[in-house]
Each structure stands twice: as C-alpha cells, then as structure tokens.
Amino acid sequence: MPQQALTGKRVAILATDGVEQVELVQPRTAVEDAGATTTLISLEPGSIQAMNHDVEKGDTFTVDQVVSQASPDDYDALILPGGTTNPDKLRQDSSAVGFVKQFAATGKPIGVICHGPWTLVEADAVRGRTLTAYPSVRTDIRNAGGTVVDEEVVTDNGLVSSRNPDDLPAFCAKIVEEFAEGRH
C-alpha cells in the first residue's frame, strides 16, 4: 500500500465518552499517516473522555462535529472504535444510529473494533454480514442476523472488523487498504 494511499479521503470517526483510547488513536493515526483527513464526530460539542481498559481515564479529545449535523455524504469512510460505554451511549442516540445506518447504506467502507459493532447492530447494519467483535457482543450480532467469526481481522465487502486492542496492527493495516479501495 503506498504511503499516501488515502490522500484526499475524508474519514469520519464516531465516538463519545468512554471510547477506548487506543482504539481511537491508533486507527486515526494509521489513516492520517496514509494521507486521510479525519473528523471526530460525537453526540455533543466540546470534548470526549477516552478510557484505558474501560476503567482508567485517558486523554480527552476535541470533537470536530456533532453527529446530528453530520452527513455520510461528506465522508469516504467511517471508523467505529470500541470501549464498552462508547457504543452503548451511541446506540441510544437516534442521530448516531441514523448516521451509521445511512453510512452503511452507501456501501462506503467501515472499520469497527471491539464493542463498536453494538452501534452497527442498532442501525440494522450487520444483517447478512460476516464480522468479528469482542466476545460479549457476538450474540447481539448473531441475533441481528450477522455471522460471527473469531479472527484477528475480518473483511466483508468493505466492513472491516477486529476483536480487541491486540488486533490493532492488523486492523489498522486493513482499514487503510479498504479505505483506499473505496465504495464496495
């Protein structure tokens, strides 16, 4: 993959308080290093509180755009990081769920890791898809019509998924590749 494979690409990152810091930072760095511009989208303006291992406060990150004002048309790809409380809050917000549902309908690539698929489940975006996730999310994916496999990184027509922070090197490499390919 060329170093600047994502030059000109706009990548949305949807997250809120409770996001697992490493699952926000490493994918963001990977796509930016490949030339993409990222936008951190959240539920409210200001900043979000990231966590380390779900229980220790990490850094705060400035929100670039509020999801209720975001349009999938403005982005080429989407990253949904995990952390337990992050997707649990997102899936309870109609604007966040609507954004993800609309984004999934475009066929543009999505990268999702750990507990992140909870938001996809709520948006009815896993039906007929194969993905992986943190073990406690897998039953929800199956119940929503998805197929779950236990692999480091899984790609299904532009939907890239991984299980946990240990999978980040493979996840980051694969999202750069899929985001460079574009719409599926």
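All figures in this text were calculated on a predicted structure; none of them were measured in a lab.

Definitions and cut-offs
Numbering of residues starts from 1 in each chain and follows the order in which that chain's sequence is written. Given that the model is predicted, a residue must reach a pLDDT of at least 70 before its local features are reported, and side-chain atom pairs must reach 80 or more before they are shown or counted; all residues, however, enter totals for whole chains, interfaces and linings. By convention in this description, side-chain values take in all heavy atoms of the structure and omit both hydrogens and water. Note on definitions: salt bridges are taken to be side-chain nitrogens of Lys or Arg within 4 Å of carboxyl oxygens of Asp or Glu. Secondary structure elements are taken from DSSP: a helix is a run of H or I of four residues or more, a strand is a run of E of two residues or more, and numbering for both begins at the N terminus. Relative accessibility thresholds used throughout: buried, under 20% of the residue-type maximum; exposed, over 50%; partly exposed, between the two (1.4 Å probe, protein chains only). To estimate the expected span of a helix, subtract one from its residue number and multiply by 1.5 Å. Here, two residues are considered to be in contact whenever any of their heavy atoms come within 4.5 Å of each other.

(A) Spotlight on the pattern of salt bridges. Going through the model one piece at a time under the given rule, you end up with 10 salt bridges. The closest approach of N and O atoms between Asp64 and Arg28, which form a salt bridge, is 3.7 Å. Here Asp64 is found in the loop between strand E4 (56-62) and strand E5 (65-66), whereas its partner Arg28 is found in helix H1 (residues 21-33), with 36 residues between them in sequence. Taking the relative accessible area as the measure of exposure, Asp64 reaches 46% and is therefore partly exposed. Relative accessible area serves as the criterion here: at 17%, Arg28 is assigned to the buried category. Residue Arg163 pairs with Asp167 through a salt bridge whose shortest N-O separation is 2.9 Å. A cluster of three or more residues bridged by salt bridges with shared partners is formed by Arg138, Asp150, Arg163 and Asp167.

(B) H1, seen in detail. For H1, with 13 residues, the first-to-last C-alpha span of 18 Å sits near the 18 Å given by 1.5 Å per residue. Those residues of H1 lying buried are Gln21, Glu23, Leu24, Pro27, Arg28, Ala30 and Val31. Positive backbone phi, at 105°, marks Gly35, one or two positions downstream of H1.

(C) How the structure looks around the environment of Thr85. Here Thr85 shows up in helix H2 (residues 85-90). Placed 79 residues apart in sequence, Thr85 and Asn164 show a C-alpha to C-alpha distance of 15 Å. Once residues within four sequence positions are removed from consideration, Thr85 is found in contact with Asp17, Gly18 and Asp54.

(D) Expanded view of unusual backbone geometry. Phi is positive for His53, which is not a glycine, with a value near 60°. Inspection of the secondary structure puts His53 in the loop between strand E3 (47-52) and E4. Judged by its relative accessible area of 61%, His53 is exposed.

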